[in-house]
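# Coordinates in review
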Amino acid sequence: MNGLRHRIRGRLASLAGVVALLTAVLAGVTAGTANAAPARAAVSAQAAAGIGWICNGAPVTPGYVLTSHTNSGCNGAGMWWQTPVRDGIWTCATSPIPAGYVTTGHNPTGCDGYDSWYMRLPVDGLWTCGTSPIPPGYVITQHAGSGMGCANIDAWFMQRARDGLWVCAGSPIPPGYVTTGHNINGCGGIGSWFEVVARPGLLVCPNVPIPPGYRLGNYSGSGCNGLGGWYLLLS
């Protein structure tokens, strides 16, 4: 009987040892997983930052631009180097233009032969390339034809909108502005429009956006340098 009790106690002790060992192993696995999580998070954060090479066709991280290209890598598909945008940076022609930026220079042989563009933040009185976006609050007032500006690409002179500017045909009309005159020979033969801050009593040109709080009144055939126009009235 005593021998049986000793054997049972021995088995229980062995079982307790196994349970303790499994508990220790599981605790180690849990601790290892917990320690690995920050490492994975750090890698994920670095990948999300997007600095470095990306495969051709991969999405560009928002707020980043492409500045270099190589045909090697990505199983022969080629790669692009992406980096955060900043004021004054040469970018590849395939690069997105982040909101608020303009292009002011062009190199037809840059970026491994893909063309490159000089990107910067806008300022009042800046020549921009013909393909450049015009940020809100700016207008274009002069034009340089092909071969004269931006490395054989048309260029436009960009200014902050203000009352009493002649702007080129196709220029944005910022909110709160209207056009009251037209010059068919203006802006290097492209045509130009006289842009002013909206106020009651102005004789505005056809097809001009009407600012909130205003409406069109009577028509005059002499308005807008003979194009006709309507008097601007408060709603």
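Just so it is clear, the model here is predicted, and its values are computed rather than measured. (Residues numbered from 1 in each chain as written. Predicted model: local features only at pLDDT ≥ 70, side-chain atom pairs only at ≥ 80, totals over all residues. Heavy atoms only, no water.)

A positive phi is found at Asp112, a non-glycine position, where the angle reads about 60°. Examined against the element boundaries, Asp112 turns out to sit in helix H2 (residues 110–113). Despite not being glycine, Asn152 has its phi angle at roughly 70°, a positive value. Turning to its location among the elements, Asn152 is positioned in the loop between strand S8 (138–144) and strand S9 (155–160). (Helix = DSSP H or I, 4+ residues; strand = E, 2+ residues; numbered from the N terminus.)

Now for the sheet that holds strand S1 (residues 52–55). Sheet strands line up and pair through hydrogen bonds in the backbone, either parallel or antiparallel. One open sheet holds the 3 strands; their spatial order is S1-S3-S2, and the pairing between them is antiparallel. Edge strands, defined here as strands with exactly one partner in the open sheet, are S1 and strand S2 (64–70). Averaged over all neighbouring strand pairs, the angle between strand axes comes to 40°, with direction disregarded. Here S1 pairs with strand S3 (residues 79–84) via 4 bridges, running antiparallel. The residue of S3 that forms the bridge with Ile54 is Trp80. (Pairing = 2+ DSSP bridges. Axes fitted to C-alpha atoms, helices over the stretch in contact; angles between N-to-C directions.)

Mapped onto the fold, Leu165 is located in strand S10 (residues 165–168). Along the backbone, Leu165 and Ser192 are 27 residues apart, and their C-alpha atoms lie at a distance of 9.7 Å. Non-local contacts of Leu165, meaning those with residues more than four positions away in its chain, are made with Val139, Thr141, Gln159, Arg160, Trp193, Phe194 and Glu195. (Contact = heavy atoms within 4.5 Å.)

Right, let's get into the state of the cysteines. Summed over all chains, the structure comprises 5 disulfides. Between Cys55 and Cys74 runs a disulfide, and the two sulfur atoms are separated by 2.0 Å. Between Cys55 and Cys74, the disulfide has an S-S torsion of -85° and is therefore left-handed. Of this pair, Cys55 sits in strand S1 while Cys74 sits in the loop between S2 and S3, and the two are 19 residues apart along the sequence. Residue classification places Cys55 among the partly exposed positions, given a relative accessible area of 35%. Judged by its relative accessible area of 22%, Cys74 falls in the partly exposed class. If the cysteines joined by disulfides in the protein are listed in sequence order, their pairing comes out as 1-2, 3-4, 5-6, 7-8, 9-10. (Disulfide = S-S within 2.5 Å. Buried < 20%, exposed > 50% of the residue type's maximum accessible area, 1.4 Å probe, protein only.)

Time to look at the confidence of the model for the protein. A low pLDDT means the predicted coordinates there should not be read in detail. In the predicted model, the protein carries a mean pLDDT of 82, and the fraction of residues at 70 or more is 78%. When the criterion is pLDDT under 50, residues 1–48 qualifies, and its contacts beyond four places in sequence or with other chains add up to 2 contacts. (pLDDT = per-residue confidence, 0-100.)

On to the packing of aromatic side chains, then. Here the structure, examined in full by the defined rule, presents 6 aromatic pairs. With a centroid separation of 5.3 Å and 55° between ring planes, the pair formed by Trp127 and Phe157 is classed as tilted. With Trp127 in strand S7 (residues 126–129) and Phe157 in strand S9, this pair connects stretches of sequence that are 30 residues apart. Residue Phe157 is classed as buried on the basis of its relative accessible area, which comes to 15%. (Phe/Tyr/Trp six-rings, centres within 6.5 Å; stacked < 30°, edge-to-face > 60°.)

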